[in-house]
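Residues per chain are reported as follows:
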Amino acid sequence: MLARLRSLLLKTPVKVAFGLVAAYFLFAWFGFEPLLKWAAPKYLADKSRHALSLETAKFDPLRLSVELKGLKLTEPDGQPLLSFARLFVDFDAASLFNRAWTFDEIRLTAPDARVELRADGSLNWSALIEALKSEDEEEDQPLPRLLIRHVALEKGRVGFVDRKVAGGFETAFNPLDLTLHDLSTLPNDRDRYTLAATTQAGARIRVKGELMLNPFAASGDLGIDQVTLARYWPYVGAKLNMAPPAGTLAASLRYRVAYADKRLSLLLDQLGVEVAGLGLRGKDAKQDAVALERLALSGGRFDLEKRQLELGEIALSGGHLALRRDREGRLDLLDWLSPAAPDAAPDAAPETKPATATAAAKPTPEAATGWRIDLAKFSLNGLGIQFNDAGFATPLDAEVGNLQLGFKASAEVGGAATRARLEGLGVSLSGIRLVS
């Protein structure tokens, strides 16, 4: 037996096999880290001049897992793009036999990414993405067969900067936590996912649902609350002569989105939005001209495929409205609108060609059907109004202690004809006072 075993071990194929196994383990234990720490930064620098650094990189040859720690990625000028404390990838050897790349776990700890929208409209990630894009990349390629049993993102942070808005806008989502279970690109496989994030301003985002990648479909619940309106004012403030608004917003909905055969379907259901403590005033005003204790939308539904928008109820309760009309008859609320910039005069009139019958645009079926909009109930209660009219020789002050208003409405727009209907209109005024 010993002679036979010795004879077997001395055969060339066995020696080659033992040599390959020994080389595999030696590379995993001693060669993987220095090779990766040298090759990855060099490859990235040659491609895009971005800088990449790693603290440690380990490969477990028995478990087939990779662990990276202390990664930092920066732009050529040194601006940070991405960093993380730890990335752990656990590869399942069974995927070598089931025709799908399978991972038992992918875990990313303390990632910190920076996204910047520059003044020219480009992203700080654009140069890196373009540099790494394959020249032989073809469109409409099938997704690779992939199965990841567990994905976890822990204690993440995403910083966002927008240089296009006046004065700039900056916020951060922190902490950011994401979990995915059984993420798969195999046909008709569904995955479960949850996402929880808190912005720098305190807004909280929660998403929970199911995801299918082949074909693409997603459904679940989305909730957002504690959104401070003033924090996001830079996006609209440049177009309005208004001070940042007061108030907080919360929203929730169920969603279902799918894309197949180059067709998108989107359904939003159980849509609810609530704004509390809303206050609006002019840029130089000291007091709010519009103040609402509560503005709420409930029972909303949006169906892109059927082209329908249903609003269950819009309710406004509590607050006051202060208006002023000057001697020329202009309301002060109109001053909130910034004057539009005059259009530049064209250098020369563009050459026009006679229209032909074949060039005439044909209405699409979607345009022919139009949109259906229904509002089941609108209610306003507890609104006080103060109105100062300087158009009289002696200015007139009018006050309404309580305005109540209710109706329901429906409309059809975008089709062959536009129709609107208002029903059940009721108005109640109390506490009326006129002073000249």
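Data block above holds the structure.
The structure contained in this document is the topic of the report that follows. (Residues numbered from 1 in each chain as written. Predicted model: local features only at pLDDT ≥ 70, side-chain atom pairs only at ≥ 80, totals over all residues. Heavy atoms only, no water.)

Considering the environment of Ile385
Then comes step 1: Its place among the elements puts Ile385 in strand E17 (residues 371-389).
Then comes step 2: Sequence-wise, Ile385 and Glu399 are 14 residues apart; in three dimensions their C-alpha atoms are separated by 5.6 Å.
Then comes step 3: With sequence-adjacent residues up to four places away left out, Ile385 is seen in contact with Leu321, Ala398, Glu399, Val400 and Leu403. (Helix = DSSP H or I, 4+ residues; strand = E, 2+ residues; numbered from the N terminus. Contact = heavy atoms within 4.5 Å.)

As for the environment of Trp336
Then comes step 1: Relative to the elements of secondary structure, Trp336 occurs in the loop between strand E16 (313-325) and helix H5 (365-369).
Then comes step 2: A relative accessible area of 13% means that Trp336 is categorised as buried.
Then comes step 3: With 53 residues separating them along the chain, Trp336 and Lys283 place their C-alpha atoms 7.8 Å apart.
Then comes step 4: Excluding residues within four positions of it along the chain, Trp336 makes contact with Leu240, Asn241, Met242, Leu280, Arg281, Gly282, Ala289 and Val290. (Buried < 20%, exposed > 50% of the residue type's maximum accessible area, 1.4 Å probe, protein only.)

Description of the nonpolar core
Then comes step 1: Ranked by internal contacts, the top residues of the largest apolar core, which has 38 residues, are Tyr193 and Tyr255.
Then comes step 2: If sequence neighbours within four positions are ignored, Tyr193 has contacts with Thr179, Leu180, Val207, Lys208, Gly209, Glu210, Leu211, Ala218, Ser219 and Tyr255.
Then comes step 3: The next biggest cluster of nonpolar side chains, apart from the first, holds 13 residues, and it includes Leu52, Ala57, Leu68 and Leu81. (Core = buried A, V, L, I, M, F, W, Y, C linked by side-chain atoms within 4.5 Å.)

Quick word on the packing of aromatic side chains
Then comes step 1: Per the counting criterion, the structure on display carries 11 aromatic pairs.
Then comes step 2: A ring pair is formed by Tyr24 and Phe25, whose centres lie 5.3 Å apart and whose planes are at 75°; its orientation type is edge-to-face.
Then comes step 3: Here Tyr24 falls in the partly exposed class, since its relative accessible area comes to 32%.
Then comes step 4: Ring geometry for Phe27 versus Phe32: centroids 6.3 Å apart, planes at 90°, classification edge-to-face. (Phe/Tyr/Trp six-rings, centres within 6.5 Å; stacked < 30°, edge-to-face > 60°.)

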